[in-house]
Amino acid sequence: MKSYTKNIFAGSVLIVFSLVYLYHSLAIQPFTGPGATPLNSAHMPRFWGACMLLLSALLLIRGIRELVKTEKKEKLDLKKALIGFFGNNYPVILTFTALIVYLALLNTAGFLIMSAIYVCGQACILSKKPTGRIVFFSAIAGIISAVLVNYIFVVHLNILLPRGILGF
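Residues numbered from 1 in each chain as written. Predicted model: local features only at pLDDT ≥ 70, side-chain atom pairs only at ≥ 80, totals over all residues. Heavy atoms only, no water.

Student: Teacher, can you tell me more about the overall build of the protein chain here?
Tutor: Within the protein chain one finds six helices and zero strands. Listing each helix as α and each strand as β along the protein chain from the N terminus yields α-α-α-α-α-α. Counting every position in the protein chain, which comprises 168 residues, the buried fraction comes to 22%. Of the roughly 12,000 Å² of accessible surface on the protein chain, 73% is carried by carbon and sulfur atoms. (Helix = DSSP H or I, 4+ residues; strand = E, 2+ residues; numbered from the N terminus. Buried < 20%, exposed > 50% of the residue type's maximum accessible area, 1.4 Å probe, protein only. Areas by Shrake-Rupley, 256 points an atom, 1.4 Å probe, with all protein chains shown as cover.)

Here's what the structure looks like:
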């Protein structure tokens, strides 16, 4: 796999992701009460989103420059390059898809349910051949990690997580 296809694809996906991230960071309401500081809760997410957007754009530009340089030397078969890229990087594509599904269903299904399913699914995606044993232990790990994170955030940090349709 040529590095320019990796850079173009990763740069494009990360640009879209960072734009969505920046758009949602605009909804963060800064604290304006007594004791408020000039740097508020909206500054850091916007800063990191801008950094990610800049670096993603640089990665995309780098990939396009390598593509142009390579195209001058040899005829490029784009269809074959795309099929090879998706064939070699299906875990990455499935990971982004699983993350998007997780975020889309988080408020509806709730943190506990979606986190347990996501951790189990991600472990299966990253294992070469998920057998019944791997799926079982992935499900156990997903349930334990979701319950533990929920306990830490809700009980110790007093941060509410999405409860979902079942109410827990």
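Student: Honestly, the pattern of salt bridges in this entry has me stumped. Any pointers?
Tutor: When their charged atoms lie close together, side chains carrying opposite charge are able to pair. Per the counting criterion, the structure on display carries one salt bridge. Here arginine 62 and glutamate 66 are joined by a salt bridge, their closest N and O atoms 3.5 Å apart. Of this pair, arginine 62 and glutamate 66 both sit in helix 2 (residues 43–73), four residues apart, which is roughly one turn of that helix. (Salt bridge = Lys/Arg side-chain N within 4 Å of Asp/Glu carboxyl O.)

Student: How do you make sense of the packing of helix 5 (residues 111–126) against helix 6 (residues 132–156) when you look at a structure like this?
Tutor: Packed helix pairs are specified by the crossing angle of their axes together with the interaxial distance, meaning the distance between the axes. Where helix 5 meets helix 6, the axes come as close as 8 Å, and the angle between the chain directions of the two elements is 140 degrees. Relative to helix 6, helix 5 is oriented so that their crossing is right-handed. Residues Phe111, Leu112, Ser115, Ala116, Val119, Cys120, Ala123 and Cys124 of helix 5 lie in contact with helix 6, whose contacting residues are Val135, Ser138, Ala139, Ala141, Gly142, Ile143, Ser145, Ala146, Val147, Val149 and Asn150. Its residues assigned to classes, the contact of helix 5 with helix 6 comprises 14 nonpolar, five polar and no charged. (Axes fitted to C-alpha atoms, helices over the stretch in contact; angles between N-to-C directions. Left-handed = near helix turned anticlockwise from the far one by under 90°. Contact = heavy atoms within 4.5 Å. Nonpolar A, V, L, I, M, F, W, Y, C, P; charged D, E, K, R; others polar.)

Student: How should the environment of valine 13 be read in this particular structure?
Tutor: Along the polypeptide, valine 13 turns up in helix 1 (residues 3–25). Given the relative accessible area of 25%, valine 13 is considered partly exposed. Considering only alpha carbons, one finds valine 13 and serine 56, 43 residues apart in sequence, at a separation of 8.4 Å.

Student: Is there a simple way to think about the nonpolar core in this case?
Tutor: Generally speaking, nonpolar side chains in soluble globular proteins are found buried as a group. Within the largest apolar cluster, six residues are counted, these being Tyr102, Leu106, Ala109, Phe111, Met114 and Leu161. Elements supplying a minimum of two residues to this core: helix 4 (90–109) and helix 5. Top element by residues in this core is helix 4. It accounts for three residues. Dropping the residues within four chain positions of it, leucine 161 is found in contact with Phe111, Asn150, Phe153 and Val154. (Core = buried A, V, L, I, M, F, W, Y, C linked by side-chain atoms within 4.5 Å.)

Student: Can you help me understand unusual backbone geometry in this one?
Tutor: Trans is the prevailing form of peptide bonds, just as negative phi is the prevailing case for residues other than glycine. Phi angles above zero are rare outside glycine, and asparagine 158 is one such case at about 55 degrees. Among the secondary structure elements, asparagine 158 is positioned in the segment after helix 6. Its relative accessible area of 65% is what places asparagine 158 among the exposed residues.

Student: Honestly, a nonpolar patch on the surface in this entry has me stumped. Any pointers?
Tutor: Taken together, the side chains of Leu148, Val149, Tyr151, Ile152, Phe153, Val154, Val155, Leu157, Ile159 and Leu160 define a hydrophobic patch exposed on the protein surface, amounting to about 860 Å² of accessible area. Residue placement: valine 155 occurs in helix 6. (Patch = residues over 30% accessible without salt bridge, like charges linked within 9 Å, V, L, I, M, F, W, Y side chains within 5 Å.)

Student: Would you mind showing me how to read the side chain of serine 115 here?
Tutor: Relative to the helices and strands, serine 115 is located in helix 5. Contacts of serine 115, omitting those with residues within four sequence positions, involve Tyr102 and Ala146.

Student: What should I look at first to understand helix 5 in this one?
Tutor: In an α-helix, one turn spans 3.6 residues, which is why side chains three or four residues apart end up on the same side. Here helix 5 spans 22 Å end to end across 16 residues, near enough to the 22 Å set by a 1.5 Å rise per residue. Residues of helix 5 that are buried in the fold lie against helix 4 and helix 6. (Expected span 1.5 Å × (residues − 1).)

Student: Would you explain the packing of aromatic side chains in this entry?
Tutor: Each aromatic ring pair is characterised by the separation of its centres together with the angle its planes make. Following the criterion strictly, the structure yields three aromatic pairs and no others. Taking the centre distance of 5.0 Å and the plane angle of 65 degrees together, the rings of phenylalanine 47 and tryptophan 48 count as edge-to-face. Residue phenylalanine 47 is classed as partly exposed on the basis of its relative accessible area, which comes to 44%. (Phe/Tyr/Trp six-rings, centres within 6.5 Å; stacked < 30°, edge-to-face > 60°.)

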